[in-house]
Amino acid sequence: ARRWAGDRKFRLGVQILRNVTKADVAGPIFSDIADAAIRVLQPLVEDEFAARHGRIPGSAMAVLGFGKLGGREMTVGSDLDLVFVYDVPKGAETSDGARPLSPHDYFARLSRRLINAISAETAEGKLFEVDMRLRPSGTAGPIASSLDAFVRYQHESAWTWEHMALTRARVVTGGPALREAIVATIRDVLTRAREEAKLAHDVADMRERMARERAARSLYDVKTVRGGLIDVEFIAQYLQLRHAHEHPEILSPNTAEALQRIADAGLIDARAGEELIAALELWQRLQGAIRLCYRDGFDPEKATAGARRILVEAAEAADFPALEKKMEDAAAAVRAYFHDLVEVPAAGAAATDKEAQP
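Conventions used here
Residues numbered from 1 in each chain as written. Predicted model: local features only at pLDDT ≥ 70, side-chain atom pairs only at ≥ 80, totals over all residues. Heavy atoms only, no water. Helix = DSSP H or I, 4+ residues; strand = E, 2+ residues; numbered from the N terminus. 1 Å grid on protein atoms, 1.4 Å probe; cavity = no way out; pocket = protein on both sides within 12 Å on 5 of 7 lines; lining within 4 Å. Points joined across faces, edges and corners; volume = space filled by probe spheres on them. Nonpolar A, V, L, I, M, F, W, Y, C, P; charged D, E, K, R; others polar. Expected span 1.5 Å × (residues − 1). Buried < 20%, exposed > 50% of the residue type's maximum accessible area, 1.4 Å probe, protein only. Arc of directions from axis to C-beta. Contact = heavy atoms within 4.5 Å. Phe/Tyr/Trp six-rings, centres within 6.5 Å; stacked < 30°, edge-to-face > 60°. Lys NZ or Arg CZ within 6 Å of the ring centre and 35° of its normal.

A.B. asks: Even after reading the chapter, I still don't get the environment of Arg295, so can you show me in this structure?
C.D. replies: Inspection of the secondary structure assignment puts Arg295 in the loop between helix H11 (270-293) and helix H12 (305-314). A sequence separation of 218 residues divides Arg295 from Gly77, and the C-alpha atoms of the two residues are 9.4 Å apart.

A.B. asks: Please explain the layout of surface pockets as it appears in this structure.
C.D. replies: In this approach the atoms are scanned with a rolling probe the size of a water molecule, which exposes any empty space left behind. Its volume calculated, the largest pocket comes out at about 1,000 Å³. Every residue lining the largest pocket is counted, 27 residues in all, and those nearest its centre are Asp81, Arg133, Leu134, Arg214 and Lys223. Every element with two or more residues in the lining of the largest pocket is listed here: helix H3 (67-70), helix H6 (160-166), helix H8 (196-213) and helix H9 (229-243). Considering every element that reaches the lining of the largest pocket, the biggest residue donor is H9, with five residues. In terms of residue class, the lining of the largest pocket is built from nine nonpolar, six polar and twelve charged. Approximately 630 Å³ is the volume found for the second largest pocket. For the second largest pocket, the lining is made up of 19 residues, of which Arg291, Tyr294, Arg295, Asp296 and Gly297 are closest to its centre.

A.B. asks: Explain helix H1 (residues 2-17) here, please?
C.D. replies: An α-helical turn contains 3.6 residues, so any two residues separated by three or four positions project in the same direction. Over its 16 residues, H1 extends 22 Å from the first C-alpha to the last, a length consistent with the 22 Å expected when each residue adds 1.5 Å. Buried within H1 are the following residues: Arg2, Ala5, Lys9, Leu12, Gly13 and Ile16. With its buried residues spanning 110° around the axis, H1 presents them on a single face. Opposite the buried face of H1, by more than 90 degrees, sit the exposed residues Arg3 and Phe10.

A.B. asks: Mind showing me how you'd approach helix H7 (residues 176-190) here?
C.D. replies: Along its 15 residues, H7 runs 21 Å from first to last C-alpha, staying within 8% of the 21 Å computed at 1.5 Å per residue. For H7, the set of buried residues is Leu178, Ile182, Thr185, Ile186, Val189 and Leu190. Taken end-on, H7 shows its buried residues confined to a sector of 125°, consistent with a single buried face. For H7, exposure combined with an orientation more than 90 degrees from the buried face picks out Pro176, Ala177 and Glu180. Of the surrounding secondary structure, the elements contacted by the buried residues of H7 are strand S1 (60-66), strand S2 (80-87), helix H5 (147-156), H6, strand S5 (170-173) and H9.

A.B. asks: Even after reading the chapter, I still don't get the packing of aromatic side chains, so can you show me in this structure?
C.D. replies: Within the structure shown, the criterion is met by seven aromatic pairs. When the ring of Tyr220 is compared with that of Phe298, the centres are 4.8 Å apart and the planes differ by 50°; the resulting orientation is tilted. Of this pair, Tyr220 sits in the loop between H8 and H9 while Phe298 is found in the loop between H11 and H12, placing the two residues 78 residues apart along the sequence. The exposure class assigned to Phe298 is buried, which follows from its relative accessible area of 6%. Both rings, one in Tyr294 and one in Phe298, keep their centres 5.6 Å apart while their planes meet at 75°; by these two values the pair is edge-to-face. In this structure an aromatic cluster arises from ring pairing among Phe49, Tyr86, Tyr106 and Phe107. Lying over the aromatic face of Phe128, Lys9 brings its terminal NZ or CZ to 4.1 Å of the ring centre. In this structure, Arg226 is placed above the aromatic ring of Phe338, and the distance from its NZ or CZ to the ring centre is 5.8 Å.

What follows is the structure, given as structure tokens:
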């Protein structure tokens with residue numbers, strides 16, 4: 001699995017560096033590689049696990065991808081944001097193997113086995129890093145959630161930022177019945193009516209805290225720079241949560257597709273949709289190229305002529321000064337849209353709350 005995936009990621013990386021393939025176009029292909037690896041490894045891990053602990057008849061486990069995997073926007077160095085959800089028949093108490101386990105323990109251990117199969121260091125390296133922080137209750141939560149617990153948590157306990165993350169959730173593996181139940185739950189949660197003022201406040205507050213805690217060092221920190229990748233993603237997530245109860249057709253885990261659907265529904269004007277999608281493509285292309293070339297980010301003062309050329313070609317700019325101008329213009333445009341769409345309603349909500357106080 002590591003040889004197969006590594007070979008394909010390497011080929012794709014070379015195509016990006018040679019400007020044969022753009023990084024935003026490569027995102028779905030990197031994601032396909034991850035999907036294929038998970039889908040092949042999971043049944044093998046399950047069979048090996050069952051040899052000792054047996055199975056729970058009628059049960060199933062699904063793997064959900066969040067973030068870049070969920071949105072099919074992966075780059076060469078992307079982690080896999082995974083959530084495990086299982087379902088067992090009512091009344092099932094233990095597995096039927098030589099060393100039986102309760103459903104909770106069974107799927108917790110099985111999930112860890114699958115994580116190890118994906119992330120363990122071997123002579124061929126790691127397949128992918130796995131990040132489990134987006135599971136219900138975060139790092140304090142169980143490694144795998146029952147379907148009932150997942151549904152209950154999303155409806156009753158999840159924070160706004162968790163529902164923002166849920167807009168990018170996608171079922172990678174899982175039997176038809178379990179998959180259908182999870183998809184229905186996600187849709188139900190994302191299409192419920194929300195208090196718009198609170199939603200705007202929560203999104204703006206989260207972005208402000210991220211800006212304080214993870215401030216961009218330069219314009220080339222394309223993910224965290226104000227007007228960069230996070231701002232575009234937050235706009236798409238906010239607008240989906242705000243309008244999906246009346247326009248469920250706008251929902252998509254892919255950021256560009258969600259923005260296009262939002263514009264098509266008339267929730268933002270066509271020009272805003274075009275500019276946000278263009279900025280997203282620019283940031284994704286630059287992020288993909290930078291991650292292929294540098295582990296610790298891009299420093300234009302230390303960059304070689306070859307590295308500068310790779311970024312210029314990725315952005316389809318005339319030269320390096322034109323690249324920086326294009327980046328500055330894109331950041332300014334996204335920053336203005338974030339202000340108008342999120343921060344203005346959030347400030348209005350704060351002012352209303354202040355006036356209502358005795």
